[in-house]
Amino acid sequence: MTSAKKYSTDPAELGFDPAQLRAKYIHERDKRGRKEGFGQYKKAAGQFSHFMEDHYVAPGFTRAPLTDEVEVVVIGGGFGGLLAGARLREAGVESIRVIDKAGDFGGTWYWNRYPGAQCDIEAYVYMPLLDELDYVPTERYVHAPELLQHSINIAKKYDLYRDTCFQTEVTEIRWDESISRWIIHTDRGDAMKAHYIAMANGLLTRPKLPGIPGIEKFKGHTFHTSRWDYAYTGGSCDGNLDKLNDKRVGIIGTGATAVQCIPHLGEAAQRLYVFQRTPSSVDARHNSPTNPEWKAKLKPGWAKERVENFNLALGGGYTDEDMVGDGWTDIFRNIGGIVTGDINELTEEEKEEVFELADFKKMQEIRDRAAAIVQDRETAEALKAYYRQYCKRPCFHDEYLQTYNRPSVTLVDTHGHGVDEITEKGVIVDGKEYEVDCLIFSTGFEVGTSYTSQSGYDVIGRNGISLSKKWADGLATFHGLQSHGFPNCFFLGFTQTGVTPNATHMLSEQAGHLAYIVKQGIARGATTVEVTQEAEDEWCNICNSYGDKTERLLAECTPGYYNNEGGGKSKNGFISGQFGGGAAKFFDIIGKWRAEGNLRGLEIK
Ligand code: NDP
């Protein structure tokens, strides 16, 4: 240990060589570089539109078009829309209409019903409105049916079913200056009016497909994980995919979704081929049923306290108590083992180095875990992730790696190149054809396109200016929720907000904030509530002032949707233009703004 430093960088003391690992990470990144970036993917549209089919509704639904008026239209019935609806109800808003293309509430958990689907953040901090519903999840990491049911329970508690429009896709939203109302056009011929709109379209909602040559040629059965076809596979979210017992199955992709469904495919399929481009980091899950004694001791407000503690731990807030204490917060606990003394005494540069060392240590443990579990040496080696833990969504599972010990399961590692070709009968890698009866795409969701492309509709504000045009060079909002020229309009999601892996926490804070503003607007008899250009510019400057530290870190990562598929800075990137101060600081800022009580930066007419 050097005298100046309060931590060691000596490989002998650390048990790994930081310089060697740094070089290996860069090597793994470089071998995956693709000049097409996001362009390597195809939309599930046109000849691929069958990948979007909703298997959970009866076909043939019709209804008469609507031209009526409501106080607030909420677009999206996932946790974002549910939270907005709940907080608006609490604020006394009676007239709320939720619109969603799905057949029910649930959003992510309506669509993602693949076998093994489960929340990967602890349910006690991920599931929203637990205090309000007086509900304690049944497990630490609950499975998808409970998450869907919780969504339905929220909708029932806050009476949100009353005026819903399901199986309805918004096609355009247009501001009508003559009546100061939004007109919402949909694929059902609606032209309904709303005083306020809240857009909770969700993130990662549009399935994408890899642009592998020949993808359209495959003659076997095929679907995307977010539209699981149980009629073909048999079984349910719990597994037991008995109709696959005599089938050869291929799955492309090894991200967070694949990690959860592969154990069930491996258990059921006569033969399973997993086509891997980059391995996920898969740490232990240690799921367990909720302890009844712990549950009995919970005091009102327990969930809020835990959510905030988790957020602080993830944001590097050095909490004394790590209430969740799982794989997500592990990296920060590791720091304690590396630094002697108070981390706050380190310079910013030293802190960055310590974080890197803690990350190396964690990832080394995860690689060692793969080696300890997977019996075949070559397969185990291929499953080792060489990048920083937050380069990709960290995964946790207690049966995923074990699946590769089944004789019926083969990992086809493509050494970072991806699948070469798809044929009528199967998949080609390194000149070898793997024939399959069923090919499942676990290839994720559209990212890197504009906000309006991902929403599936444009918003035409004052003076005919569209949101797609206004945000063509990047997001421009006030506190991530409102944009000048778009009165009475709110965005929920990662739009110039602090980013957190616990997306429901962000949505919850945003929902409370928008309900506060709408309530104030109604109380003041406002026709319009609109952010001023000055306030918006000020917020954009604050977001820009954090520089590109995160983007610099991500640039060293293997390609993925976090870093624009390795394509460098992008105005539509997953984290582009975000408030760089972190989620905890963001919540603090909007909380203090509300406490001021004067709607600073908003113009009320
Ligand atoms: P991802 O985008 O994370 O993964 C896509 C996978 O497809 C990657 O492994 C990618 O490889 C692979 N791929 C893409 N193109 C090719 C190709 N040509 N050949 C071979 N492989 C290819 O999608 P997921 O659906 O897994 O996850 C998306 C997100 O959803 C997660 O990051 C997470 O945020 C969320 N999620 C959350 C869960 C929860 O419990 N809350 C559970 C599951 C998902 P490569 O890595 O090389 O690009």
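All values derive from a computational prediction rather than experimental measurement.

Thresholds applied
Residues numbered from 1 in each chain as written. Predicted model: local features only at pLDDT ≥ 70, side-chain atom pairs only at ≥ 80, totals over all residues. Heavy atoms only, no water. Phe/Tyr/Trp six-rings, centres within 6.5 Å; stacked < 30°, edge-to-face > 60°. Buried < 20%, exposed > 50% of the residue type's maximum accessible area, 1.4 Å probe, protein only. Helix = DSSP H or I, 4+ residues; strand = E, 2+ residues; numbered from the N terminus. Lys NZ or Arg CZ within 6 Å of the ring centre and 35° of its normal. Axes fitted to C-alpha atoms, helices over the stretch in contact; angles between N-to-C directions. Parallel < 35°, antiparallel > 145°, perpendicular 65-115°, else oblique. Contact = heavy atoms within 4.5 Å. Nonpolar A, V, L, I, M, F, W, Y, C, P; charged D, E, K, R; others polar. Expected span 1.5 Å × (residues − 1). Domains from an automatic or database assignment. Buried area = accessible area lost by both parts, 1.4 Å probe. Salt bridge = Lys/Arg side-chain N within 4 Å of Asp/Glu carboxyl O. Polar contact = N/O pair within 3.5 Å; in protein donor to acceptor, adjacent residues only side chain to side chain.

## Description of the packing of aromatic side chains
Move 1: The final tally for this structure, using the stated rule, is 35 aromatic pairs.
Move 2: Ring geometry for Phe223 and Trp228: centres 4.9 Å apart, planes at 70°, overall edge-to-face. Neither residue differs from the other here; Phe223 and Trp228 are each classed as buried.
Move 3: Between Trp539 and Phe586 the ring centres are 6.0 Å apart and the planes differ by 55°, which places this aromatic pair in the tilted class. Within this pair, whereas Trp539 is found in helix α19 (residues 533-545), its partner Phe586 is found in helix α21 (residues 583-596), the two being separated by 47 residues in sequence.
Move 4: Relative accessible area serves as the criterion here: at 0%, Phe586 is assigned to the buried category.
Move 5: Grouped by ring-pair contacts, the aromatic residues Trp539, Tyr546, Phe579, Phe586 and Phe587 constitute a single cluster.
Move 6: Positioned above the aromatic ring of Trp111 is the side chain of Arg227, whose terminal nitrogen or guanidinium carbon lies 3.8 Å from the ring centre.
Move 7: Over the aromatic face of Tyr141 sits the side chain of Arg285, whose NZ or CZ is 3.5 Å from the ring centroid.

## Here we look at the packing of helix α2 (residues 18-31) against helix α13 (residues 348-373)
Move 1: Running from N to C, α2 and α13 point in directions that differ by 75°, and their axes come no closer than 11 Å. What the angle tells us is that α2 and α13 run roughly perpendicular. Listed contacts from α13 to Pro18, Leu21, Arg22 and Tyr25 of α2 are Glu356, Leu357, Phe360, Met363, Gln364 and Arg367.
Move 2: Classifying every residue of the contact of α2 with α13 gives six nonpolar, one polar and three charged.

## Concerning helix α18 (residues 503-523)
Move 1: Here α18 is 21 residues long and its end C-alpha atoms lie 30 Å apart, about the 30 Å a rise of 1.5 Å per residue gives.
Move 2: Looking one or two residues past α18, Gly525 carries a phi angle of roughly 65°, positive in sign.

## Some points on the domain arrangement of the protein
Move 1: The assigned domain composition of the protein is domain 1 (1-40 + 209-286 + 326-444) and domain 2 (69-206 + 447-530 + 580-604).
Move 2: One C-alpha centre belongs to domain 1, the other to domain 2, and the line joining them spans 32 Å.
Move 3: For the domain 1 and domain 2 pair, buried surface summed over both sides reaches about 1,800 Å², with 52% attributable to carbon and sulfur atoms.
Move 4: The three residues of domain 1 that bury the most area against domain 2 are Cys237, Gln260 and Arg285, which together make up 32% of that side's buried surface.
Move 5: At the surface where domain 1 touches domain 2, the tally comes to one salt bridge.
Move 6: Asp120 is the partner of Arg393 in a salt bridge, and the nearest nitrogen-oxygen pair spans 2.8 Å.
Move 7: Summed over the shared surface of domain 1 and domain 2, the number is eight residue pairs in polar contact (both at pLDDT 80 or more).

## Details of unusual backbone geometry
Move 1: A positive phi angle, close to 60°, is found at Leu129, a residue other than glycine.
Move 2: By the element assignment, Leu129 lies in the loop between α5 (123-126) and α6 (130-133).
Move 3: Residue Leu129 is classed as buried on the basis of its relative accessible area of 6%.
Move 4: With a phi close to 55°, Asn488 is a non-glycine residue in the positive phi region.

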